[in-house]
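Report on the structure
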Amino acid sequence: MEFDLKKIDAIIDSCGCEAKNLITVLQGVQAELRYLPTEVMEYIAEKMDISVAKVFSVATFYENFSLNAKGQYVIKICDGTACHVRKSIPILTKVREILGLSEDKPTTDDMMFTVETVSCLGACGLAPVMTVNDKVFPSMTPEKAETLINDIKEGKEVC
Amino acid sequence: MGYMYIDDMKVEFENEKNILEVTRRIGIELPTLCYYSELSTYGACRMCMVENEKGGFEAACSTLPRDGMRIKTNTPALIKHRRMILELLLAAHCRDCTTCDKSGACRLQELALRYGVKRVRFADHREEKPLDTSSKSIVRDPNKCILCGDCVRVCREKQGMGILDFAYRGSKMRVMPAFDRKLAETDCVNCGQCAAVCPTGAITVKDETDEMWKYLNDPKKMVVVQVAPAVRVALGEQFGLPEGANVMGKIVKALKMMGVDKVFDTVVSADMTVVEEAGEFLERVATGGPFPMFTSCCPAWIKYAETKHPEFINKNISSCKSPLQMFGAVIDELYGNDPERELISVAVMPCTAKKYEVSRSEFTKADGKRIVELSLTTQELANMIKNAGIDFANLEEEFLDAPFDMGGSGAGVIFGVTGGVAEAVIRECAKDKTNAYVKEMRDVGVRGKESMKEAVINVDGRDIHIAVVHGLKAAEDLIQKMERGEAYYDIVEVMACPEGCIGGAGQPFALNPRRDKRAKALYRTDNDMSMKFSSKHPETIYAFDEIVKGRNHEMLHVHYNKNEK
Ligand code: SF4
Ligand code: SF4
Ligand code: FES
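Rules used in this analysis
- Starting from 1, residues in each chain are numbered consecutively following that chain's sequence as written.
- Starting at A for chains and at 1 for ligands, labels are handed out in the order in which the entities are written.
- Reporting in this predicted model follows two pLDDT cut-offs: at least 70 for local features of residues, and 80 or more for side-chain atom pairs to be given and counted; totals over whole chains, interfaces and linings ignore these cut-offs and use all residues.
- Derived side-chain values reflect all non-hydrogen atoms in the structure, with water molecules and hydrogen atoms excluded from consideration.
- Starting at the N terminus, helices and strands are each numbered in turn, a helix being any DSSP run of H or I of at least four residues and a strand any DSSP run of E of at least two.
- The contact definition used throughout considers only heavy atoms, calling two residues in contact when any of these lie within 4.5 Å.
- Areas reported as accessible are Shrake-Rupley estimates using a 1.4 Å probe. Residue values count occlusion only from the protein chains shown.
- Note on charges: Lys and Arg go in the positive column, Asp and Glu in the negative column, and His and the chain ends are not counted at all.
- Lysine's charge is taken at NZ, arginine's at CZ, aspartate's at CG and glutamate's at CD.
- Between N-to-C directions, angles span 0 to 180 degrees; the directions come from axes that are lines fitted to C-alpha atoms, helices contributing only their stretch in contact.
- By definition in this entry, angles of less than 35 degrees are roughly parallel, angles greater than 145 are roughly antiparallel, angles of 65 to 115 are roughly perpendicular, and the rest are oblique.
- Whether a crossing is left-handed or right-handed is set by the direction in which the near helix is turned from the far one by less than a right angle, anticlockwise for left-handed and clockwise for right-handed.
- Under the scheme applied here, ten amino acids are nonpolar (Ala, Val, Leu, Ile, Met, Phe, Trp, Tyr, Cys and Pro), four are charged (Asp, Glu, Lys and Arg), and all others, including Gly, are polar.
- Here the buried area means the combined drop in accessible surface, using a 1.4 Å probe, for two parts upon being joined, counting both sides.
- One speaks of a salt bridge when a side-chain nitrogen belonging to Lys or Arg is within 4 Å of a carboxyl oxygen belonging to Asp or Glu.
- Two N or O atoms form a polar contact when they lie within 3.5 Å of each other; inside protein one atom must be a possible hydrogen donor and the other a possible acceptor, and for residues adjacent in sequence the pair counts only when both atoms belong to side chains.
- Any residue with a non-hydrogen atom lying within 4 Å of a molecule or strand is treated as near it.
- Throughout the structure description, domain borders are defined by an automatic or database domain assignment.
- The term nonpolar core refers to a set of buried residues drawn from Ala, Val, Leu, Ile, Met, Phe, Trp, Tyr and Cys, joined through side-chain atoms within 4.5 Å.
- Exposure classes here rest on a 1.4 Å probe applied to the protein chains alone. A residue is buried below 20% of its type maximum, exposed above 50%, and partly exposed in between.
- If DSSP finds at least two bridges between two strands, the strands pair.

All right, on to the overall build of chain A then. Of regular secondary structure, chain A possesses seven helices and four strands. Going residue by residue from the N terminus, the α and β elements of chain A occur as α-α-α-α-β-α-α-β-β-β-α. Oriented by its inertia axes, the alpha-carbon framework of chain A measures out at about 50 × 30 × 25 Å. In chain A, 61% of the contacts between residues at least 6 apart in sequence involve partners at least 24 apart. About 8700 Å² of surface is accessible on chain A, with carbon and sulfur atoms providing 50% of the total. Mean positive and mean negative side-chain charge positions of chain A (17 and 24 charges, respectively) differ by 6 Å.

Shown next, in the form of structure tokens:
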């Protein structure tokens, strides 16, 4: 895959080239590309004069970094204690079923949706909670989730 | 400066950087799995804990000695703690000790024995990972890794490579190259230092002794072995002989007993390297460069330059083959055309990178046969001697084979220690071939264990600026300094391993003071030899006049191919 290295350069320039800024740079890249492609990590390592293994080490240490390409819409279903007892798993099962996804295959082939679970979004009062990109949807049910996905597909809901 | 109490003994401390160094000085060997005095302190294994007055634990490797401090090193609580760590480590470790390459030399095994770990109550839930056998020099078995990070730090801090690092976290944490790639797919330079520091069998040197036994037992093969300078001052350690003892005569005898046809000394071809490299240097002086001229004996350095500084390849780096390959060419010339018996040329080296060097395309004939078939390490030779049941310590000495039975000059011997190649080459360049000049050179500053040394010496009216580095990190720092215009050198010697080949990863593992003893032994050998000048040695003269016969370029020099992997 080709990446716009100029964009990566700009991110590195704005954070500073010193090794201590690696995490900020990776966050910037992840925000731009929604994940950290191998080639980009190698490029960053070379530009910032850090070993590739170190960049990989940092990228795999933090949960927030993703090494795989994610869909345009990242759906996170909370499975923290509060959401779990208020039945978040049936929502997860339903969403995966609609999109043909599983734990091992989190992203649809058309790169439209990625489905993940998180351990507590910090909005337990709204349980069960689901987020799409950064928008929060409270008190979900499997049915509401299905409608939401259809709305997104039809462009009625923009996240 | 101050006094502390260790197990109720009053002990003075000076500038020790931690309690561990103080306890070691007074003869108490605290257990460690993640501490090397030459690397940064990591403090992860928690084996080195000591108990303070309040009954609390402190990690000796990462605690400064304080005046009036009282510590105990061996209380029931500490013993219980150490046993528990060992039990947990063993629980997450493949425990096939009897079939492990590291058995007998494994620190985990040794400590388990020392602390009497009698049971392991927990099951290993880790997913089994495949071995990485892709490298020509080392084998990585992730299932035996205890996450001490020693390899990570040596590769980053000494070689500046950072090939290995931690990845993932918590119970999923592993040590691996970036993206879990195979070592052969990385820029790893095959120096093997990660294997040298690995306390367990997670990284080991590739074992090729079975191949060697096959050749030795095949009557259709003629096995000719050359032995590098650094091997003779380290092998004896494995058989209870004094550290630094020169055991070359016994090595020859042992090899002969195992069925080797001819044994030569790589010192002879080191002398040839000296002559060729001095000639090349003087030619550069006459024609104006390019400077600096880098030495070319260390294959790890060559590989490093190929990936990081391709501008030096076939240019600043001397075109001389390594002594191993020069002898390879000579041996091939002497015995390579026997229709009855196929020549198998073997080297015994302190080095793991030579295993890679012998496989390079430049050193392979058109029909695919390698000029030097195998490069075994000092440790592999020790293992073969043990396999064969030879009582090495009590062996008679035996002479090398003709036509090189004298085994070269003192200049070739010091190739094994940092600074030796530069010293030998400059010794050769000078017209003054007296022992007084040798003495003068000795003190000019190329000797010693520092990772970076510089010296200026006047050679026939011209000041020659010399730099000597060991460790590729030190080499890179030096190159950067030159690029910034802060330094100028005419000749730069680079060796990848600590203190040069005597600290090679193929040697029995040694930190100082043991490494220093090896260095001293090589210098002593040079000192004791009457022949100190490579080109004056009758064997060097013989090799050039009777064997090379003017084909210096073809036999003794190399042009590195692009994209060699
Ligand atoms: S062999 Fe040398 S370069 Fe390669 S991983 Fe080990 S220490 Fe690093
Ligand atoms: S310094 Fe010597 S032992 Fe180490 S890699 Fe280089 S040639 Fe081999
Ligand atoms: S040696 Fe002190 S923590 Fe490992």
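The next subject is the packing of helix α9 (residues 299-308) of chain B against helix α16 (residues 472-483) of chain B. Residues and elements named next belong to chain B. Direction vectors running N to C along α9 and α16 enclose 45 degrees, while the axes themselves pass 11 Å from each other. When the axis of α9 is compared with that of α16, the two are oblique. α9 and α16 meet at a crossing whose hand is right-handed. Mapping the contact onto sequence places Ala 300, Trp 301 and Tyr 304 in α9 and Leu 472, Glu 476 and Ile 479 in α16. When grouped by side-chain class, the residues that make up the contact of α9 with α16 number five nonpolar, no polar and one charged.

The next subject is the interface of chain A and chain B. Where interface size is quoted, it is often the accessible area lost as the parts come together. In this complex, chain A contributes 12 residues to the contact, which on the side of chain B involves 16 residues. Carbon and sulfur atoms supply 62% of the area that chain A and chain B bury against each other, a total of about 1100 Å² over both sides. Contact with chain B buries surface across chain A, with Ala 53, Phe 56 and Phe 61 of chain A losing the most and accounting together for 45% of the total. Linking chain A to chain B there are two salt bridges. Between Arg 181 of chain B and Glu 42 of chain A there is a salt bridge, and its shortest N-O distance comes to 2.7 Å. At the junction of chain A and chain B, the tally comes to five residue pairs in polar contact (both at pLDDT 80 or more).

Every residue lining ligand 2 is accounted for by Cys 298, Pro 299, Ala 300, Cys 351, Ala 353, Met 495, Ala 496, Cys 497, Cys 501 and Gly 504 of chain B. Looking at the shell around ligand 2 residue by residue, the class counts come to nine nonpolar, one polar and no charged.

Once that is clear, we can look at the domain arrangement of chain A. Split by domain assignment, chain A resolves into domain 1 (5-61) and domain 2 (73-153). The C-alpha-based centres of domain 1 of chain A and domain 2 of chain A are spaced at 29 Å.

Near ligand 1 you find Ile 138, Cys 155, Ile 163, Cys 188, Val 189, Asn 190, Cys 191, Gly 192 and Cys 194 of chain B, and these make up its full shell. In terms of residue class, the shell around ligand 1 is built from seven nonpolar, two polar and no charged.

What follows concerns the nonpolar core. In terms of nonpolar packing, the biggest core is built from 118 residues, with Met 212, Trp 301, Phe 392 and Ile 466 of chain B touching the most fellow members. Ranked by size, the runner-up nonpolar core spans 26 residues in total, among them Ile 11, Ile 44 and Ile 50 of chain A together with Ala 167 of chain B.

All right, on to the sheet that holds strand β17 (residues 491-495) of chain B then. Residue and element names in this part refer to chain B. An order of β12-β17-β16-β15 is seen for the four strands of this open sheet, with the pairing classed as mixed. If you trace the sheet from one side to the other, it starts and ends with β12 (293-294) and β15 (452-459), each paired once. α16 contacts β12, β15, β16 (462-470) and β17 of the sheet and is inclined by roughly 140 degrees relative to β16.

Moving on, we come to the pattern of salt bridges. Residue and element names in this part refer to chain B. Under the definition given, this model contains 50 salt bridges over all chains. A salt bridge links Asp 401 to Lys 256; the shortest N-O distance between them is 2.8 Å. Within this pair, whereas Asp 401 is found in the loop between α12 (378-387) and α13 (410-413), its partner Lys 256 is found in helix α7 (residues 248-258), the two being separated by 145 residues in sequence. For Arg 484, the salt bridge goes to Glu 486, with nearest N and O atoms at 2.9 Å. When its relative accessible area of 53% is taken as the criterion, Arg 484 is described as exposed. Overlapping salt bridges bring together Glu 237, Glu 243, Arg 514, Lys 517 and Arg 518 as one network.

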